[in-house]
Number of protein chains: 2
Amino acid sequence: MRIVLIGAGNLATQLGLSLAEAGHEMAQVWSRSMESAAALADLVGGAAVTDLGQIETGADVYILAVRDAALPEIIPLLCQGREKGGVVVHTAGSVPMEIFEGLARHYGVCYPLQTFSKSRRVNFKEIPCFIEGNDDYAISELKRLCASLSDHVSYLASADRRYLHLSAVFACNFVNHCYDIASDILSAHQLPFDVLLPLIDETARKVHTLTPQAAQTGPAMRYDKQVIQAQAALLADMPQVRDLYERLSRNIHRNAIRG
Amino acid sequence: MRIVLIGAGNLATQLGLSLAEAGHEMAQVWSRSMESAAALADLVGGAAVTDLGQIETGADVYILAVRDAALPEIIPLLCQGREKGGVVVHTAGSVPMEIFEGLARHYGVCYPLQTFSKSRRVNFKEIPCFIEGNDDYAISELKRLCASLSDHVSYLASADRRYLHLSAVFACNFVNHCYDIASDILSAHQLPFDVLLPLIDETARKVHTLTPQAAQTGPAMRYDKQVIQAQAALLADMPQVRDLYERLSRNIHRNAIRG
């Protein structure tokens, strides 16, 4: 398929690489900065552009992979006054498909449930992709496109997708923040972060076979008050982290009683 | 070596299995309940006992693998009035070695940095073990014992071990709680937890090659206010979780600015 990629960030980079590898033709790569557009176009093919008025009308799919907050500004500029036969899609978990209403003829969403960094290649085949479309044409085109990238394509309406995105924020962004706090605590005492990797890996592996509730361990789970108080005291010079420690411990205990 | 195991919970079970596999002789397994002691003794060998007065005096190492809060009660009962030639050790991250002072002759700590559940076998070879001893004899015996179990044995004093334990609570217990919240959100909308597994795995894998700070992604990192507000609103009926969501998002944003 002939594709226009709007964006050159973490997701756009990984998506562009996987699309090119799957044999799709990259027509154009747009970014606000020519440097970013050109860097990604160099990697995945196509012309680098910074003017949304220069986006061609002949592509099969236009993929928006920009920060959510930029969509309300970019979508009208991309769609206005120029009939496009192709399907216009965004990739945002929390933005409803209806953002395209009245602006495009065929539109939809393709939400890949993964964390993307520019420097880390990901295997798109394993990434669950959740699609949605406004008509049969959009849906069938998106199915075709996503099936060429991933082995796990499902249909999911916007109302449910926002809960999926919210759960991903806990399972990824907040999890990584916990890693970050652990790293801060260790480096303050000249201990290397690497010692935690077997623990981090096992914690992730456990929930492949146990529910998170059954996998829970630690002082908060046992409600070992003395340890909890002593650990909170160690965080005296990190008040926000101490506060998180106490709230997370209370919540774990509450769930343990409930469970 | 000839070993007495005090405890029959998650850690005692995994430790006992690995000790038996490494060729050590299990002399006795103690638990408050005969049922638990007998179940573990069946698995790892040795006699099941529930009376601390019946613990033999001829073992090389006495390993306490009980909840931290039970140590101040069990240690005096285990040690009192009976000269033991062997080394008495506990396995708790947050309890200082000095808890044995005046009660045992040779004592120490062996802290395996991992999350243990009864039903999940772990590969002890990969688990970092942090040891501490009160004299050369205790240290050399603990080194010998731990080297037979793990390829990653280091010496770490109690003062630093509590920070290591604290970091592990963030990297494991709090991480798992985030998985648990994600699971609750999904199940409230009839979505299966399994869809998150590739994301959970990649989040863990990323910090093998990137620092957690460099690996951070998501709406809080970008400080996408609209998404943050909309996601907090979705948690209206889970006030404690909503509160965590807002605090974690603010902290991520603070770190992003600082970083």
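Residues numbered from 1 in each chain as written. Chains lettered and ligands numbered in written order. Predicted model: local features only at pLDDT ≥ 70, side-chain atom pairs only at ≥ 80, totals over all residues. Heavy atoms only, no water.

Going by the annotation in an unreviewed UniProt entry, the name recorded for chain A is NADP oxidoreductase, with Hoylesella enoeca given as the source organism.

Right, let's get into the nonpolar core. Residues Ile6(A), Phe170(A), Leu196(A), Ile6(B), Phe170(B) and Leu196(B) are the most contacted members of the largest nonpolar core, which totals 132 residues. Residues contacting Phe170(A), with those up to four places away along its chain left out, are Val175(A), Cys178(B), Ile181(B), Ala182(B), Ile185(B), Leu235(B), Val241(B) and Tyr245(B). (Core = buried A, V, L, I, M, F, W, Y, C linked by side-chain atoms within 4.5 Å. Buried < 20%, exposed > 50% of the residue type's maximum accessible area, 1.4 Å probe, protein only. Contact = heavy atoms within 4.5 Å.)

Once that is clear, we can look at the side chain of Thr115(A). For Thr115(A), the position within the fold is in the loop between β6 (106–112) and β7 (128–133). For Thr115(A), the side chain forms a polar contact with the side chain of Lys206(B), separated by 2.7 Å. The contacts of Thr115(A), once residues within four sequence positions are left out, are Val122(A), Cys172(A), Leu199(B), Glu202(B), Thr203(B), Lys206(B), Ala215(B) and Thr217(B). (Helix = DSSP H or I, 4+ residues; strand = E, 2+ residues; numbered from the N terminus. Polar contact = N/O pair within 3.5 Å; in protein donor to acceptor, adjacent residues only side chain to side chain.)

Another point: the environment of Asp160(A). Along the polypeptide, Asp160(A) turns up in helix α5 (residues 158–188). Excluding anything up to four places from it in sequence, Asp160(A) contacts His189(B) and Leu191(B).

With that settled, the discussion passes to the domain arrangement of chain A. Note on interface size: it is often stated as the accessible area lost on association of the parts. Residue and element names in this part refer to chain A. When its domains are assigned, chain A resolves into domain 1 (2–156) and domain 2 (161–257). The distance between the C-alpha centroids of domain 1 and domain 2 comes to 35 Å. Counting residues at the interface gives 14 residues for domain 1 and 6 residues for domain 2. One can count 1 salt bridge joining domain 1 with domain 2. Of the charged contacts in the structure, one is a salt bridge between arginine 161 and glutamate 132, with a shortest N-O distance of 2.7 Å. (Domains from an automatic or database assignment. Salt bridge = Lys/Arg side-chain N within 4 Å of Asp/Glu carboxyl O.)

To continue, consider the sheet that holds strand β2 (residues 25–30) of chain A. Residues and elements named next belong to chain A. Read from one edge of the open sheet, 8 strands run β3-β2-β1-β4-β5-β6-β7-β8, paired in mixed fashion. Single-partner strands in this sheet number two, and they are β3 (47–49) and β8 (152–155). Neighbour to neighbour, the strand axes of the sheet diverge by 25° on average, direction disregarded. Here 4 bridges tie strand β4 (residues 61–64) to strand β5 (residues 87–90), and the two strands are oriented parallel to one another. Looking at the pairing, isoleucine 63 lines up with valine 89 of β5. Sheet strands touched by helix α4 (residues 136–147): β1 (2–6), β4, β5, β6, β7 and β8. Its angle to β7, the strand with the most contacts, is close to 165°. (Pairing = 2+ DSSP bridges. Axes fitted to C-alpha atoms, helices over the stretch in contact; angles between N-to-C directions.)

Within a pair of aromatic rings, the relevant descriptors are the distance that separates the centres and the angle that separates the planes. The full count for this structure, using the stated rule, is 10 aromatic pairs over all chains. Where Phe116(B) meets Phe124(B), the ring centres are 5.9 Å apart and the plane angle is 20°; that geometry is what we call stacked. Phe116(B) sits in the buried class, given a relative accessible area of 7%. Since its relative accessible area comes to 3%, Phe124(B) is described here as buried. These aromatic residues form a ring-pair network of at least three members: Phe170(A), Phe174(A) and Tyr245(B). (Phe/Tyr/Trp six-rings, centres within 6.5 Å; stacked < 30°, edge-to-face > 60°.)

This next bit is on the pairing of strand β4 (residues 61–64) of chain B. All names here are of chain B. Burial of the side chains of β4 extends over both faces: Val61 and Ile63 are buried on one face and Tyr62 and Leu64 on the other. Alignment of strand β1 (residues 2–6) against β4, held across 4 bridges, turns out to be parallel. Bridge pairing links valine 4 to tyrosine 62 in β4.

Next up on the list: helix α10 (residues 239–258) of chain B. Here α10(B) spans 29 Å end to end across 20 residues, near enough to the 28 Å set by a 1.5 Å rise per residue. Within α10(B), burial applies to Val241(B), Leu244(B), Tyr245(B), Leu248(B), Ser249(B), Asn251(B), Ile252(B) and Asn255(B). What you see down the axis of α10(B) is that its buried residues fit within an arc of 165°, all on one side. Of the exposed residues in α10(B), the ones pointing more than 90 degrees away from its buried face are Pro239(B), Ile257(B) and Arg258(B). Tucked into the core, α10(B) has its buried residues touching α5 and α10 (239–258) of chain A together with α5 (158–187), α7 (212–215), α8 (219–222) and α9 (225–234) of chain B. (Expected span 1.5 Å × (residues − 1). Arc of directions from axis to C-beta.)

With that settled, the discussion passes to the sheet that holds strand β3 (residues 47–49) of chain B. Residue and element names in this part refer to chain B. The mixed open sheet is built from 8 strands, whose spatial order is β3-β2-β1-β4-β5-β6-β7-β8. In the strand order of this sheet, the two ends are held by β3 and β8 (152–155), each with one partner. Each strand axis lies, on average, 25° off the axis of its neighbour in the sheet, ignoring direction. Its contacts with the sheet put helix α1 (residues 10–21) on β1, β2 (25–30), β4 and β6 (106–112), and the angle it makes with β1 is roughly 170°. Helix-sheet contacts for helix α3 (residues 71–79) involve β1, β2, β4 and β5 (87–90), and the interaxial angle to β4 is about 160°.

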